[in-house]
Amino acid sequence: MDDKKICIIFDANQKNEISKLIIPDGYEIEIRSIANTNNITKAYNEILNSSDAKYKIYINQLVSFQNKNILFDVIKIFLENRKIGMLGIIGTETIPTSGIWQESTNKYGKYYYVEKNNKKEIIERNIKEEYKKVKVIGSAFMATQYDVRWREELFDDMYFYDTAQCIEFIKLGYEIVVPRQDESWCTINKKYKVIPNKFEEYNEIFLKEYSKDIFPLVSILIATYNRPNYFKIALESAINQSYKNIEIIVGDDSTNNETQNVIKPYIEKYKNIKYYSNGGPLGNYGVNNGLKCFKLSNGEFVNYLMDDDVFHKDKIKKMMNYFIENKKISLVTSYRKVIDKDGNEKEDIAPTKKLLDSTGTIKGNQLIQMIFHSMTNIVGEPTTVLFRKKDIADCGFGNYRGKQYISIIDVASWINLLLKGDAVYISEALSYFRIHEGQNENRVELICNGLLEWFNLIIEYSNNEKLINYKQVVARWIYLFICILSDEDKSSQFKIAQKIKLYECYNYAIKKVLDIKLK
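These figures come from a predicted structure and were not determined experimentally.

## Quick word on the pairing of strand 19 (residues 329–339)
Most of strand 19 sits inside the fold, with ten of its eleven residues counted as buried. Relative to strand 25 (residues 422–434), strand 19 runs parallel, the two being bridged by ten bridges. Note that in strand 25 the partner of Lys337 across the bridge is Tyr432. Strand direction decides the pairing type here: strand 19 and strand 22 (residues 386–388), joined by two bridges, are antiparallel. When the bridges of strand 22 are listed, Leu331 appears paired with Phe387.

## Some details on the state of the cysteines
Inspection of the entire model under this criterion finds zero disulfides. Cys166 forms no disulfide, and the closest cysteine sulfur to it belongs to Cys186, at a distance of 16 Å. For Cys166, a relative accessible area of 0% corresponds to the buried category. Unpaired in terms of disulfides, Cys505 finds its nearest cysteine sulfur in Cys448, a separation of 9.4 Å.

## Section: the packing of helix 13 (residues 470–485) against helix 15 (residues 496–513)
Relative to each other, helix 13 and helix 15 sit at 145 degrees, their axes nearing to 9 Å. Of the two elements, helix 13 crosses helix 15, and the hand of that crossing is left-handed. Of the residues in helix 15, those in contact with Tyr470, Lys471, Val474, Ala475, Trp477, Ile478, Phe481 and Leu485 of helix 13 are Leu502, Tyr503, Cys505, Tyr506, Ala509, Ile510, Lys512 and Val513. Looking at the contact of helix 13 with helix 15 residue by residue, the class counts come to 14 nonpolar, no polar and two charged.

## With respect to the pattern of salt bridges
In a structure, side chains of opposite charge can pair up when their charged atoms sit close to one another. All told, the structure shown has 28 salt bridges when counted by the stated rule. One salt bridge in this structure joins Lys56 and Asp147, with 3.0 Å as the shortest N-O distance. With Lys56 in strand 3 (residues 53–59) and Asp147 in the loop between strand 11 (141–144) and helix 4 (161–171), the pair connects residues that are 91 residues apart, well separated along the chain. What makes Asp147 partly exposed here is its relative accessible area of 30%. A salt bridge links Lys171 to Asp213, with the shortest nitrogen-to-oxygen separation between them at 3.6 Å.

## Examining the packing of aromatic side chains
In total, this model carries 28 aromatic pairs according to the counting rule given. Plain terms: the ring middles of Tyr159 and Phe199 are 5.5 Å apart, the flat faces sit at 80 degrees to each other, and that makes the pair edge-to-face. Placement of the pair is Tyr159 in the loop between strand 11 and helix 4 and Phe199 in helix 5 (residues 196–214), with a sequence separation of 40 residues. Here Phe199 falls in the partly exposed class, since its relative accessible area comes to 21%. Ring geometry for Phe301 and Phe323: centres 4.7 Å apart, planes at 55 degrees, overall tilted. One end of the pair, Phe301, is in strand 17 (residues 301–304); the other, Phe323, is in helix 9 (residues 315–325), with 22 residues separating them in the sequence. Residue classification places Phe301 among the buried positions, given a relative accessible area of 3%.

## Side note on the side chain of Gln181
Relative to the helices and strands, Gln181 resides in the loop between strand 12 (175–179) and strand 13 (186–188). Among the polar contacts listed, one links the side chain of Gln181 to the backbone nitrogen of Trp185, at a separation of 2.9 Å. Sequence-distant contacts of Gln181, that is, excluding residues within four places in its chain, are made with Ile89, Gly109 and Lys110.

## Some details on the nonpolar core
As a rule of thumb, soluble globular proteins bury nonpolar side chains together. In terms of nonpolar packing, the biggest core is built from 102 residues, with Phe141 and Ile248 touching the most fellow members. With six residues, the single largest contributor to this core is helix 3 (residues 70–80). Core analysis: the second largest hydrophobic core is formed by 62 residues, Cys293, Leu355, Ala412 and Ala509 among them.

## Some points on the environment of Glu80
Structurally, Glu80 can be placed in helix 3. Residue class for Glu80 comes out partly exposed when judged on its relative accessible area of 48%. Distance in space between the C-alpha atoms of Glu80 and Gln66 is 23 Å, their sequence separation being 14 residues. Within the structure, Glu80 has its side chain in polar contact with the side chain of Lys76 (distance 2.8 Å).

## Examining the pairing of strand 17
Side-chain alternation along strand 17 places Phe301 and Asn303 on one buried face and Val302 and Tyr304 on a second face that is also buried. Here four bridges tie strand 14 (residues 218–224) to strand 17, and the two strands are oriented parallel to one another. By the bridge assignment, Val218 is partnered in strand 17 with Phe301. Looking at chain direction, strand 17 and strand 22 are connected through two bridges and run antiparallel. When the bridges of strand 22 are listed, Val302 appears paired with Phe387.

Rules behind the numbers
- Residues numbered from 1 in each chain as written.
- Predicted model: local features only at pLDDT ≥ 70, side-chain atom pairs only at ≥ 80, totals over all residues.
- Heavy atoms only, no water.
- Buried < 20%, exposed > 50% of the residue type's maximum accessible area, 1.4 Å probe, protein only.
- Helix = DSSP H or I, 4+ residues; strand = E, 2+ residues; numbered from the N terminus.
- Pairing = 2+ DSSP bridges.
- Disulfide = S-S within 2.5 Å.
- Axes fitted to C-alpha atoms, helices over the stretch in contact; angles between N-to-C directions.
- Left-handed = near helix turned anticlockwise from the far one by under 90°.
- Contact = heavy atoms within 4.5 Å.
- Nonpolar A, V, L, I, M, F, W, Y, C, P; charged D, E, K, R; others polar.
- Salt bridge = Lys/Arg side-chain N within 4 Å of Asp/Glu carboxyl O.
- Phe/Tyr/Trp six-rings, centres within 6.5 Å; stacked < 30°, edge-to-face > 60°.
- Polar contact = N/O pair within 3.5 Å; in protein donor to acceptor, adjacent residues only side chain to side chain.
- Core = buried A, V, L, I, M, F, W, Y, C linked by side-chain atoms within 4.5 Å.

This is the structure we're talking about:
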C-alpha cells in the first residue's frame, strides 16, 4: 500500500468538486469514477483490488466541498490514531432497533443541506473534542485508511451498504469517528428519493445479518404449568418478535408431558429456544420456576412472558430502542390490553388503565410513589416490563431488602429497578394480559398473602426511603384490608395464621395513622 496516495471515489461527474481541494505536499491523488454502475459495492470492491492507495475517500453524487483543506484534516486524524479505520461528516453513537441510523437521537456532526436552492446548516450535535467515536457514518462522505471488503453479496443498491460497512470495520477492531468541524466540511445538495419496497427489502436483510452484532441479547422467560394451549400462543408470540437477537427460556412445572409435546417441534426448528422440564412444580406457585429461568438466562435484558399472556410482535423491538437511546432508564413498560380466556379484548381493569396519554418518561421515584398510593400494579405484570438483568442480578427477581416476595413479586422488582433509574411508559398496547378462572390471582391464599406483602413492602420501603404522604398509603392499606375481610367468601378461606398476621398488621397500621406511640 502506498501511504502517500489518496484515492477519491465518486459516483457522478464531480471532477470540478475534486479540483477545488488542496493536495497535501508529498501526496498523490488518484481519481476513480463509478458512474453508471448497477452495483455500488461491487464497484467499490473492484477499486479495493486495483488501487494501491492507502487512503480512500468515497463521496456520493449529492456532495460538494466547503472545506478546501479537507484532505489535510482527514490525513491528520488518521496519522494521529491508527485505530481509526473510517471517518465521516455525520454519524451516530447508537443504532436504533429499526436498523435505520438516521432515526437515532444520538447523531453527531454538521453539514450544509440544500433543497430547492435553499441552503441550511444542519448541526446534529456539536463535538467539543477533536473527533467523536460513533458506530455508523453516512454514505455522503466516507474516508478510510484500511481496506475492508464491502458486502456486495448482500447490498448492491444505495440502501444500508454504508451501515453494513461500518459494522464490518468495528468487527475487525477499528474505530469510526466524526471529526469536529468548526465550519461544515461539505454540502449535501438534496436527499435521495427513497424507493419504499427496495428500502424495506434491504432493511430486512441488514437486520437479519447484523442484529446479533449490534443489538443486545434479550432473554424471554416463560415459566409454564399445565397450560399447553395458552402456552403455545404465548410461545409463538415470543418466536415471532421482530427484534432478531432473542433467546427463549422455557421452564416447565407441568405434571404431564403435554407442554413438552407442544414445544418439541419448535425446539427442532428454532435454535434459540431452551427448554427445561422440572418434573413437576418447583414450588411457591410458579415463583421458583421463574427464578430458575432467570438464573439460566444469558441475555443482557430480560422480559418475562406469563404462559397465558401474549406479546405484540414489535414489543421487544420498540422497548429495546429506548434502552439503546437512553442510558438513564431502568425499565420500559407499556399500556397492556386485557383479553379473556378466548383472546377477546375486554375493557381495562384498574391496574391496566393508561398511566400516560402519550409515550413518555417517568422519574423512578415518582413512579414508586404512584405505585404505593394506588396500591396496585400500575407498572404491569411480568409480561409487560423489559429490564436490564444486571440491575437486579444482585438481589434476584422479586427480592426486596432480603425478602422474597411471592404474590407481588413483580411490584417488589419494579421498586428495586426504579430506585436505579427512570421508566419509559409506552402508551401503545404491546402486550395482552389474559384474565381467566385458572390464574393464580384468583387463589384466596395468594390474595391474603398479597395483602401481607403489600404491608411489608410499605414498611420496609418507608424505613429506608422517603415515602411521601406515608399515612395516606397506610390508610389505603387499611381500606383494602377492610374490603377483603368483609368479603366473607374469601375471608372464610384464609388460614388462621394468615388472619392472625393480618390483624397484627392492621393494629400496627391503625396506630401509625393515629400517631399512637408504638411500644
